[in-house]
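Descriptive analysis of the structure
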Amino acid sequence: MLRMNIRLFFQHARLLNGKGLLTAFLIASGICFLGVSCTGDNACKQSRDVYLVVSFRTSFPRTEHDTTLPDLTVYGLTRSDSLLYDSARVSKVSLPLNPSSDTTGFVFSCRDAADTFMVVCTRQPHLLSYECGFVMYYRLIQVFLRGNLADSLRIIQSDVTTDHGTNIHLYF
């Protein structure tokens, strides 16, 4: 159908002088390029989600085990309305870091105990691909823990990217 329309277009343009033929060629080329470039094949198929993954662990002499916290609530430190987990029974959490700040804070609360969890990091824009655009990657510099819920923490992987691997072990 497109070929037939182009052929008819050029036959009509032959009747015009040399300027008309050039104009007809440019218009027909533009139509062809639009048809090729507007396909849906260029959709982003990569994950654009970047989360700090914190796994919960218990440690006994010489052994470590994953553990699950019952009734865990997590929200942003300066925004108690930013509820990320509400009375959840989980063994790890995925936390969004602030793309416009080098520090992000969270409150972990479980039953009658609570901790303030502060993350200090550097930010680096990262080009995933032409189709997906940029995402913000982070590198953990320091993590502070204050309160009476967890015993300690350890940074396992300081790079926070789209791979969703564990970044921090939080010990109870």
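These figures come from a predicted structure and were not determined experimentally.

A count of helical and extended segments in the protein gives 2 helices and 11 strands. Counted from the first residue to the last, the protein has its helices and strands arranged as α-α-β-β-β-β-β-β-β-β-β-β-β. The proportion of buried residues among the 172 residues of the protein is 32%. In the protein, of all internal contacts separated by at least 6 residues, the share reaching a separation of at least 24 is 49%. Carbon together with sulfur atoms contributes 54% to the accessible area of the protein, which is approximately 11300 Å² in total.

Secondary-structure assignment places N148 in the loop between β8 (133-147) and β9 (152-155). Sequence separation between N148 and T116 is 32 residues, and the spatial gap between their C-alpha atoms is 9.3 Å. Apart from the residues lying within four places of it in its own chain, the contact partners of N148 are A113, A114 and D115. Within polar-contact distance, the side chain of N148 engages the backbone nitrogen of A114 at 3.0 Å.

Counted according to the given criterion, the structure contains 6 salt bridges. E64 is paired through a salt bridge with R57; the nearest N and O atoms lie 3.0 Å apart. A residue is classified by how much of its surface remains accessible, and E64, at 32% relative accessible area, is partly exposed. Through salt bridges with shared partners, a single network forms among R57, E64, D66 and R154.

If you look at the biggest cluster of nonpolar residues, it comprises 32 residues, and the most contacted ones within it are L52, L95, F108 and F117. Of all the elements in the fold, those that place two or more residues in this core are β1 (52-60), β3 (69-76), β4 (83-90), β5 (92-95), β6 (103-110), β7 (113-129), β8 and β11 (168-171). Residues contacting L52, with those up to four places away along its chain left out, are V93, S94, L95, L97, F117, V119, L140, V160, N167 and I168.

The next subject is the confidence of the model for the protein. With 75% of its residues at a pLDDT of at least 70, the protein reaches an overall mean of 83. By mean pLDDT, the top-scoring element of the protein is strand β10 (residues 159-160) (97), and the lowest-scoring one is helix α1 (residues 2-14) (50). Below pLDDT 50 for its whole length, residues 1-5 participates in 1 contact with residues either more than four positions away or in separate chains. Scored below 50 in pLDDT, residues 32-39 shows 1 contact in the model against residues more than four places distant or in partner chains.

Let us now look at the sheet that holds β4. Reading across the sheet, the 6 strands line up as β4-β3-β6-β7-β8-β10 and stay open at both edges, with antiparallel pairing between neighbours. The sheet is open, and its two borders are formed by β4 and β10, each paired with just one other strand. Across 5 bridges, β3 lies against β6 in antiparallel orientation. Bridging across to β6, T73 finds its partner in S109.

Here D115 is to be found in strand β7. Buried within the structure, D115 lacks any salt-bridge partner; its nearest side chain of opposite charge belongs to R146, at an N-O separation of 8.8 Å. Engagement of the side chain of D115 in a polar contact is seen with the backbone nitrogen of N148, the distance being 2.9 Å. Setting aside chain neighbours within four positions, we find D115 in contact with F106, V107, F108, L145, R146, G147, N148, L149 and A150.

Rules used in this analysis
Residues numbered from 1 in each chain as written. Predicted model: local features only at pLDDT ≥ 70, side-chain atom pairs only at ≥ 80, totals over all residues. Heavy atoms only, no water. Helix = DSSP H or I, 4+ residues; strand = E, 2+ residues; numbered from the N terminus. Buried < 20%, exposed > 50% of the residue type's maximum accessible area, 1.4 Å probe, protein only. Contact = heavy atoms within 4.5 Å. Areas by Shrake-Rupley, 256 points an atom, 1.4 Å probe, with all protein chains shown as cover. Polar contact = N/O pair within 3.5 Å; in protein donor to acceptor, adjacent residues only side chain to side chain. Salt bridge = Lys/Arg side-chain N within 4 Å of Asp/Glu carboxyl O. Core = buried A, V, L, I, M, F, W, Y, C linked by side-chain atoms within 4.5 Å. pLDDT = per-residue confidence, 0-100. Pairing = 2+ DSSP bridges. Lys, Arg positive; Asp, Glu negative; His and termini not counted.

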